[in-house]
Amino acid sequence: MILHIKEIFRPAIRLIWKNYRFIWLYWGANLAFSIVLSLPVFYLLNDNLQHSAISDSLSYGFDYIWYLQFRNLYGTNIGEIPYMIYGVAGIYVLIQTFFLGGLISIYNNTKKDHYVDFFYGGVKYWYRFTKVLLLSVVFYSLAFELNDITGKLLSYMFADQEKIIFEFILRASRYLFLIFLLGMVTAVGDYLKVALGTKDSSRIFPEIYPLMGFLKDNFSRVFTVFFLVAIMGALGAIVYNFLNDLLPKSHYLYLLLTFILQQFLIIFRLSIKMLFTATEVILYKDINAQVIPAQVEEVI
């Protein structure tokens, strides 16, 4: 049984390294969807700038007057873009759910780690993981609704008072509590998917009760591992912002270097996503592993 946190990360990192070729599936999906979302805006900008004398000056800086004219000319087209974003984002989430099924499948059975095994696991677990996703969305909505109710309650309580510091502490605590709730919903949803995948079970609601017992009994380890991986992701974002500030602000060179740096950030975030899944599979399987008592035979 795993006793130390480092004993979770070592096999998890080995799992990621062994199956790192699958990161390119994630990266390719991200690139494809970003191109789909960028094409409408690219078309509008190209249609406007190729007939405008201001296009050359825009390469040196942002022009607010041009922006107002652009919004006025293409207001109808721009208004339709958010609906397309919602649709594409929904499809993207479903495809990521498919990939997660494949990832859990090859993490659960390390001997079957080929592309055909990955896609077989994605097909096999997609429907049940999608049901978990929809259930998680309900609890995400409840968490945000509770946060809004709490905010309105605080506004009512401090409407005629000047306890600014106390109100600030309560409002900050409210957002910290929201982050905690979102993290718990994410963790429960992730481990429910891991439980369904490792047990090869299709019954979602019967798995929730034993899973909650698992999380309650092992909360410190589960939360610590989840928090440490999240910290790694946050550190990556900090390093990205630091490097981005160091880039030369020459217009074309800056765009090129920013694009390259963003791709490294995307790959890093996808690696963190794979690390989340790897640590959860390893921790869940280790804690639920059957303990076989050793038998000592007497030698005469």
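Residues numbered from 1 in each chain as written. Predicted model: local features only at pLDDT ≥ 70, side-chain atom pairs only at ≥ 80, totals over all residues. Heavy atoms only, no water.

S.K.: In this structure, what is going on with the packing of aromatic side chains? I would like to understand it.
M.R.: Two numbers describe a pair of aromatic rings. These are the distance of the centres and the angle of the planes. Overall, the coordinates contain 15 aromatic pairs when judged by the stated rule. Their ring planes at 45° and their centres at 6.0 Å tell us that F99 and F118 sit as a pair that is tilted. One end of the pair, F99, is in helix α5 (residues 75-108); the other, F118, is in helix α6 (residues 115-157), with 19 residues separating them in the sequence. Classification of F118 by relative accessible area gives buried; the value is 0%. On the numbers, 5.5 Å between centres and 15° between planes, the contact of F219 with F223 is stacked. Placement of both F219 and F223 in helix α9 (residues 219-246) is noted, with a separation of four residues, approximately one turn of the helix. Residue classification places F219 among the partly exposed residues on the basis of a relative accessible area of 36%. Taken together, the aromatic side chains of F22, Y26, F98, F99, Y115, F118 and F119 make up a single cluster linked through ring pairs. One cation-aromatic arrangement involves R21 over Y115; the distance from NZ or CZ to the ring centre is 5.8 Å. R174 extends its terminal NZ or CZ atom over the ring of Y175, reaching a point 4.6 Å from the ring centre. (Phe/Tyr/Trp six-rings, centres within 6.5 Å; stacked < 30°, edge-to-face > 60°. Helix = DSSP H or I, 4+ residues; strand = E, 2+ residues; numbered from the N terminus. Buried < 20%, exposed > 50% of the residue type's maximum accessible area, 1.4 Å probe, protein only. Lys NZ or Arg CZ within 6 Å of the ring centre and 35° of its normal.)

S.K.: Looking at this model, I keep getting lost on the nonpolar core. Mind explaining?
M.R.: Grouped burial of nonpolar side chains is what soluble globular proteins tend to show. The biggest cluster of nonpolar side chains holds 46 residues, and the ones touching the most others in it are Y107, Y191 and F214. With 12 residues, the single largest contributor to this core is helix α10 (residues 251-287). Dropping the residues within four chain positions of it, Y107 is found in contact with L15, I16, N19, M274, T277, A278 and V281. (Core = buried A, V, L, I, M, F, W, Y, C linked by side-chain atoms within 4.5 Å. Contact = heavy atoms within 4.5 Å.)

S.K.: How do you make sense of the layout of surface pockets when you look at a structure like this?
M.R.: Rolled over the atoms, a probe as big as a water molecule pinpoints where empty space is left. In this structure, the largest pocket encloses a volume near 740 Å³. Forming the walls of the largest pocket are 26 residues, and the residues nearest its centre are Y140, T186, D190, K273 and F276. For the lining of the largest pocket, the secondary structure elements donating two or more residues are α5, α6, α7 (164-199), α9 and α10. Looking at the lining of the largest pocket residue by residue, the class counts come to 14 nonpolar, seven polar and five charged. Counted as a void, the second largest pocket has a volume near 370 Å³. F180, G183, M184, F223 and F226 are, among the 18 residues lining the second largest pocket, the residues nearest its centre. Listed by contribution, the elements that provide at least two residues to the lining of the second largest pocket are α7, α8 (205-217) and α9. When residues in the lining of the second largest pocket are grouped by element, the largest group, eight residues, is from α9. Of the residues in the lining of the second largest pocket, the class split is 16 nonpolar, one polar and one charged. (1 Å grid on protein atoms, 1.4 Å probe; cavity = no way out; pocket = protein on both sides within 12 Å on 5 of 7 lines; lining within 4 Å. Points joined across faces, edges and corners; volume = space filled by probe spheres on them. Nonpolar A, V, L, I, M, F, W, Y, C, P; charged D, E, K, R; others polar.)

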